[in-house]
Amino acid sequence: MARIDPLPFDALPEDLRVRLGEAEARMGFASNDILTLARWPELLGALEGLIGTIYGSQEVDLGLKRMMAMVASSAAGCRYCEAHTAHGAAQMSGVDSEKVAAVWEYRTSDLFSDAERAALDLAFAAGQTPNAATDAHFEALRAHWSERQIVELVAMIALFGFLNRWNDTLATPLEDAPLSYALERLTDWNPGKHAPVGKKTSPRT
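Not measured: the values here are computed from a predicted model.

S.K.: Even after reading the chapter, I still don't get the packing of helix H5 (residues 79–91) against helix H10 (residues 176–185), so can you show me in this structure?
M.R.: To characterise two packed helices, one gives the angle between the axes of the helices and the distance between these axes. Contact pair H5 / H10: the axes reach a minimum separation of 8 Å and the direction vectors enclose 85°. Between H5 and H10, the angle falls in the class roughly perpendicular. Listed contacts from H10 to Ala83, His84, Ala86, His87, Ala90 and Gln91 of H5 are Ala177, Pro178, Tyr181 and Ala182. In terms of residue class, the contact of H5 with H10 is made up of seven nonpolar, three polar and no charged.

S.K.: Honestly, the pattern of salt bridges in this entry has me stumped. Any pointers?
M.R.: Here the idea is simple: oppositely charged side chains can pair when their charged atoms come close. Scanning all chains against the criterion turns up ten salt bridges. As a salt-bridge pair, arginine 79 and glutamate 82 come within 3.0 Å of each other at their nearest N and O atoms. Taken together, the residues span about one helical turn, with arginine 79 and glutamate 82 both in helix H5 at a distance of three residues. You can call arginine 79 partly exposed: its relative accessible area is 27%. Look at the salt bridges and you will find they share partners, linking Asp15, Arg19 and Glu48 into a network.

S.K.: Looking at this structure, how should I read the layout of surface pockets?
M.R.: In this approach, a probe sized like a water molecule rolls over the atoms, and the result shows the empty space that is left. Taken as a whole, the largest pocket holds about 670 Å³ of empty space. Lining the largest pocket are 26 residues, and of these Arg26, Met27, Ile34, Ile51 and Tyr55 sit closest to its centre. Breaking the lining of the largest pocket down by element, the ones donating at least two residues are helix H1 (14–27), helix H2 (32–37), helix H3 (41–56), helix H4 (62–76), H5 and helix H9 (147–170). In terms of residue class, the lining of the largest pocket is made up of 13 nonpolar, seven polar and six charged.

S.K.: What am I meant to see in unusual backbone geometry here?
M.R.: Note: most peptide bonds trans; most residues except glycine with negative phi. Following threonine 129, the chain continues into proline 130 via a peptide bond in cis, with omega recorded as 0°. Topologically, proline 130 is positioned in the loop between helix H7 (114–126) and helix H8 (135–142). The residue alanine 171 is not glycine, and still its phi comes out positive at about 50°. Here alanine 171 shows up in the loop between H9 and H10. Phi at aspartate 188 is positive, roughly 55°, even though this residue is not glycine. Mapped onto the elements, aspartate 188 comes out in the segment after H10. You can call aspartate 188 exposed: its relative accessible area is 55%.

S.K.: Mind showing me how you'd approach H7 here?
M.R.: Residues spaced three or four apart along an α-helix face the same direction, because each turn holds 3.6 residues. With 13 residues, H7 should cover 18 Å at 1.5 Å per step; its first-to-last C-alpha distance of 18 Å lies within 8% of that length. Taken residue by residue, H7 has Ala115, Glu116, Arg117, Ala118, Ala119, Leu120, Leu122, Ala123, Ala125 and Ala126 as its buried positions. Elements in contact with the buried residues of H7: H4, helix H6 (97–101), H8 and H9.

S.K.: Looking at this structure, I do not really get empty space enclosed by the protein. What am I missing?
M.R.: Scanning the entire structure with this criterion turns up one cavity of 30 Å³ or more. Approximately 60 Å³ is the volume attributed to the largest cavity. Looking at the largest cavity, the residues that line it are Phe9, Leu20, Ala23, Glu24, Met27, Phe29, Ala30, Ser31, Ile34 and Leu35. Mapped onto the lining of the largest cavity, the elements with two or more residues apiece are H1 and H2.

S.K.: Would you explain the nonpolar core in this entry?
M.R.: The nonpolar side chains of a soluble globular protein tend to be buried, and buried together. Leu64, Met67, Met68, Val100, Leu120, Trp145 and Trp189 are the most contacted members of the largest nonpolar core, which totals 55 residues. At the level of secondary structure, the elements contributing two or more residues to this core comprise H1, H2, H3, H4, H5, H7, H9 and H10. If we ignore the near neighbours within four places in the chain, the residues touching leucine 120 are Leu64, Met67, Met68, Val71, Val103, Tyr106 and Phe112.

S.K.: How do you make sense of the packing of H5 against H9 when you look at a structure like this?
M.R.: Contact geometry of H5 with H9 gives a least axis separation of 8 Å together with a crossing angle of 125°. Relative to H9, H5 is oriented oblique. For the pair H5 and H9, the contacting residues are Tyr80, Cys81 and Thr85 in the first and Phe160, Leu163, Asn164 and Asn167 in the second.

Rules behind the numbers
Residues numbered from 1 in each chain as written. Predicted model: local features only at pLDDT ≥ 70, side-chain atom pairs only at ≥ 80, totals over all residues. Heavy atoms only, no water. Axes fitted to C-alpha atoms, helices over the stretch in contact; angles between N-to-C directions. Helix = DSSP H or I, 4+ residues; strand = E, 2+ residues; numbered from the N terminus. Parallel < 35°, antiparallel > 145°, perpendicular 65-115°, else oblique. Contact = heavy atoms within 4.5 Å. Nonpolar A, V, L, I, M, F, W, Y, C, P; charged D, E, K, R; others polar. Salt bridge = Lys/Arg side-chain N within 4 Å of Asp/Glu carboxyl O. Buried < 20%, exposed > 50% of the residue type's maximum accessible area, 1.4 Å probe, protein only. 1 Å grid on protein atoms, 1.4 Å probe; cavity = no way out; pocket = protein on both sides within 12 Å on 5 of 7 lines; lining within 4 Å. Points joined across faces, edges and corners; volume = space filled by probe spheres on them. Expected span 1.5 Å × (residues − 1). Core = buried A, V, L, I, M, F, W, Y, C linked by side-chain atoms within 4.5 Å.

Here it is, written out as structure tokens:
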């Protein structure tokens, strides 16, 4: 159960309804974490700018960035963000669902390149508490990525540092689309505290 309820969409100011309506059209659902952030519109506006900058950059493929966010979120223990990023990678960035489901096999799976492995290694290390990123991670990254690209990789992880803390602290309830995707596609995944009240949440095994 959410510790602070998301605002009903109809309760938002008109300008915010327009902005969030555009996001809802892209994703196919209204995001509960954004509807909770809407209780402080200035904070939401600042975060929208950061999200737009990081997601909008094309130095690094967005599908990979979403899989990095999925790995970092899992390492941090945030099932809400893990489900969102898995769903987003497959449904919005065109990553094959088989690859999304195999993300924890990235070190050995032929579905992943060495460049992706280096990025996902960093995401897993940096998502942990305490942060487990080392100089060796950056040496591996430099074999495949420019300094500018590495900054973008770190920015994606750092963005989800905020979102992981926000959603896991508030027990933000998952929306139907990412919840269903994670339950159907991710092995042994469960929503934990993010399960909507009354929703069946049997994991895939």
